[in-house]
Amino acid sequence: MRFLKDIKKEILLFAHNQEQLYIFFCIVLMVTNFCLLFTERMNLPARVAFVCIPLAVQMLLLAASRKPGIFFLILFPKIIIDAFQLVLLKLYGNSIIAVDMFLNLVTTNATEAGELLGSIAPVIIFMVVIYIPAIIFAVVSARETRRINPSFRKRALRGAGALLALGILFLFIARTRPDGFTVKYDLYPNNVFYNLDYAVKKWHRINNYTKSSQGFTFEASRCDTTADNGREIYVLVIGETSRADNWSLYGYNRTTTPMLDTLAGLLKFEDVLSQSNTTHKSVPMLLTPASAEDYRLIYKCKSIVTLFKEAGFKTAYLTNHEYHHTFMAHYFKEADIAVSVRDNAANSHDSLMLKPLETILDTVKSDLFVIVHLYGSHFNYSQRYSRKDAVYKPDIAERIAKKYKQQLINAYDNSILSTDRILYRIVDMVRSQECASALIYTSDHGEDIFDDRRNRFLHASPIPTFYQIHVPFVAWSSPRYRELYGQKWQNMTGNSTMPVSSNSAVFHTLTDLASIKTKYLKSELSLCSENFRAVPRTYLTDHEESVRIDQLLLSKYDYQQFEEKNIRLH
């Protein structure tokens, strides 16, 4: 007991010592910078600036008041950013909080967030141990009658000034190096606050979409040759977080797509990459003529749903997602029939969409276009299928950690099996209509599952990986479709080994498959066109810029995978 009393006494003495608290607050505020110093790519002068400038500024702020706890509390928003950054480092191993990270806060539903946070408890506990005591000490400091020693304060201000001068000097040196260094993009936490500002502006542009797209038209119509072809059905199935490497259809050593492996009329595209590793950017590009090369078009154009409506199709949109402040929320409303099976439950399975889809196929007798947006393989993987369908076991991971890699992979593979069954069932329902019909499936992006020494997990990291952008892409057509449009299907078959960017191909391919005329159709991006041309693979960056994938700062592990899987980058 005496030992505990001694500890309590020391803590109380520390809590009332303004000089010690000043040093403690400086250390706490720099924890994240020190972590980033080891995770981010920087030249030596940049590293000096990366430490000196933030430390100097924070020393000046804490010394601005004779009670350092006051400014520590004022800096509370920075503490929140620090905590968020540490979570990001836990998940991805590196990278600054990106624009997409902030947008995910307002576009991700509560169930998804709960599944994720519940699996990273250790880092949450670590942050609580660091920041909660610091906040308590700051309150004590602010209420303390004794102020910081004037001579100590003067030394702190002089030291901060010297550090700031040194940091600025090395900042200019770092900017002259080939890899560069800027305050806006590279200096933490300034770069995070810049990204936050960018995210807020983008969020406003998305919320203003109704006005910015008002009056837009595709000026779409059907080609005259389709007049006497009978009923036609076109289906787009969008997967979630499904990477090609875990599909047996793509050579995976487990049989995860047994039904698609033997499906007649199925066409597999060998070399497909997504232009984004986030749902809120990838799916809108799949559903519009926008792509990484001309992403700003997204703010003024409507979706492929409106295109098919203008061409005389009845349209349906089925989803297992909650759309929060995203373009998909608007696209969903464009459809004649909009069905959501999401009920906030963690186990809202994709199979719930099969019954309403069957009803739509049976009751709508006109030409029909359907979008089915699966929840697919989104974490938590074990919640994506029923327990009776758990083929690979054990499939329950206690938390996100490399030691549970096998359980995570088992659960992920089970989710791919579920997608396989659902895709087969959808094809079967469409085929039973005995009309000209075609279906395309691709995933919005892939996923990391502790695949190499980086120990990366999940997706949406500021810098993508091979596993996050290598996605499956398959197409199916009915015998009647191949009878009517044999040349289109022959062209698709010929293009199945070509390098494809899914986000630039889906809109144009579906438009061309359905023989729809519009000024927005680019035949060189349509997989069923003889004019299709492979172009350099690009990626949509955090600030909505198009960058060639071979110019991204990817890891050597990623480029090894591109080479081993024969994925061409240009």
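First things first, this report covers the structure right here in the doc. Here the structure is a predicted model, which is why all the values come from computation and not from measurement.

Here we come to the packing of helix H14 (residues 279–286) against helix H16 (residues 327–334). The contact between H14 and H16 brings their axes to 9 Å, and the two run at 35°. Between H14 and H16, the residues in contact are Thr279, His280, Val283 and Pro284 and Phe327, Met328 and Tyr331, respectively. Taken together, the residues that form the contact of H14 with H16 break down as five nonpolar, two polar and no charged.

What follows concerns the pattern of salt bridges. A full pass over the atoms with the stated rule returns 30 salt bridges. Between Asp197 and Lys201 there is a salt bridge whose closest N-O contact spans 3.2 Å. Of this pair, Asp197 and Lys201 both sit in helix H11 (residues 190–207), separated by four residues, roughly a single helical turn. Overall, the relative accessible area of 47% leaves Lys201 in the partly exposed class. We note a salt bridge from Asp271 to Arg537, for which the minimum N-O separation is 3.1 Å.

To continue, consider the sheet that holds strand E2 (residues 232–239). Strands in a sheet are paired, the pairing made by backbone hydrogen bonds, and the direction either parallel or antiparallel. Overall, mixed pairing links the seven strands, which are arranged E3-E11-E8-E2-E7-E5-E6 in an open sheet. Taken across any chain shown, the strands that pair with only one partner, and hence form the sheet edges, are strand E3 (266–268) and strand E6 (337–340). Ignoring strand direction, the axes of neighbouring strands in this sheet form an average angle of 10°. Strands strand E5 (314–319) and E6 of the sheet are contacted by H16, whose axis makes an angle of about 140° with E5. In the packing of helix H22 (residues 502–513) onto the sheet, contacts are made with E2, strand E7 (368–373), strand E8 (436–443) and strand E11 (473–477), and the angle to E8 comes to roughly 175°.

Locating Glu524 in the fold gives a position in the loop between strand E13 (516–517) and strand E14 (538–540). Between the alpha carbons of Glu524 and Arg453 there is a distance of 39 Å; along the sequence they are 71 residues apart. Not counting residues up to four positions away in its chain, the partners in contact with Glu524 are Asn531, Phe532 and Arg533.

For the structure shown, the criterion picks out zero disulfides. Its sulfur unpaired, Cys223 is 11 Å from the next cysteine sulfur, which belongs to Cys528. With no disulfide of its own, Cys435 has Cys528 as its nearest cysteine by sulfur position, at a separation of 17 Å.

In this structure, Gln214 sits in the loop between helix H12 (209–212) and strand E1 (221–222). The exposure class assigned to Gln214 is exposed, which follows from its relative accessible area of 65%. Spatially, the C-alpha atoms of Gln214 and Lys300 are 7.7 Å apart, while their sequence positions differ by 86 residues.

Moving on, we get to a nonpolar patch on the surface. Taken together, the side chains of Val128, Ile132 and Ile136 make up a nonpolar region of the molecular surface, amounting to roughly 260 Å² of accessible area. Tracing the backbone shows Ile136 in helix H8 (residues 121–143).

All right, on to the packing of aromatic side chains then. Taken as a whole and assessed by the stated rule, the structure comprises 36 aromatic pairs. An angle of 25° between the planes, with centres 4.5 Å apart, marks the rings of Phe25 and Phe72 as stacked. You can see Phe25 sitting in helix H2 (residues 18–39) and its partner Phe72 sitting in helix H4 (residues 68–74), a full 47 residues away along the chain. Exposure class is identical for Phe25 and Phe72. Each is buried. Summarising the aromatic geometry, the rings of Phe216 and Tyr520 are spaced 5.3 Å apart at their centres and angled 50° between planes, so their arrangement reads as tilted. Of the two residues, Phe216 is situated in the loop between H12 and E1 and Tyr520 in the loop between E13 and E14; the sequence distance between them amounts to 304 residues. For the pair shown, Phe216 and Tyr520 are each scored as buried. Through a chain of ring-to-ring contacts, three or more aromatic side chains come together here, namely Tyr234, Phe308, Phe313, Phe369, Tyr481 and Tyr485. The side chain of Arg243 reaches across the aromatic face of Tyr412, ending 6.0 Å from its centre. For Lys268, the ring lying beneath its charged end belongs to Tyr250, and the centroid distance is 5.4 Å.

Calculation rules
- Residues numbered from 1 in each chain as written.
- Predicted model: local features only at pLDDT ≥ 70, side-chain atom pairs only at ≥ 80, totals over all residues.
- Heavy atoms only, no water.
- Axes fitted to C-alpha atoms, helices over the stretch in contact; angles between N-to-C directions.
- Helix = DSSP H or I, 4+ residues; strand = E, 2+ residues; numbered from the N terminus.
- Contact = heavy atoms within 4.5 Å.
- Nonpolar A, V, L, I, M, F, W, Y, C, P; charged D, E, K, R; others polar.
- Salt bridge = Lys/Arg side-chain N within 4 Å of Asp/Glu carboxyl O.
- Buried < 20%, exposed > 50% of the residue type's maximum accessible area, 1.4 Å probe, protein only.
- Pairing = 2+ DSSP bridges.
- Disulfide = S-S within 2.5 Å.
- Patch = residues over 30% accessible without salt bridge, like charges linked within 9 Å, V, L, I, M, F, W, Y side chains within 5 Å.
- Areas by Shrake-Rupley, 256 points an atom, 1.4 Å probe, with all protein chains shown as cover.
- Phe/Tyr/Trp six-rings, centres within 6.5 Å; stacked < 30°, edge-to-face > 60°.
- Lys NZ or Arg CZ within 6 Å of the ring centre and 35° of its normal.

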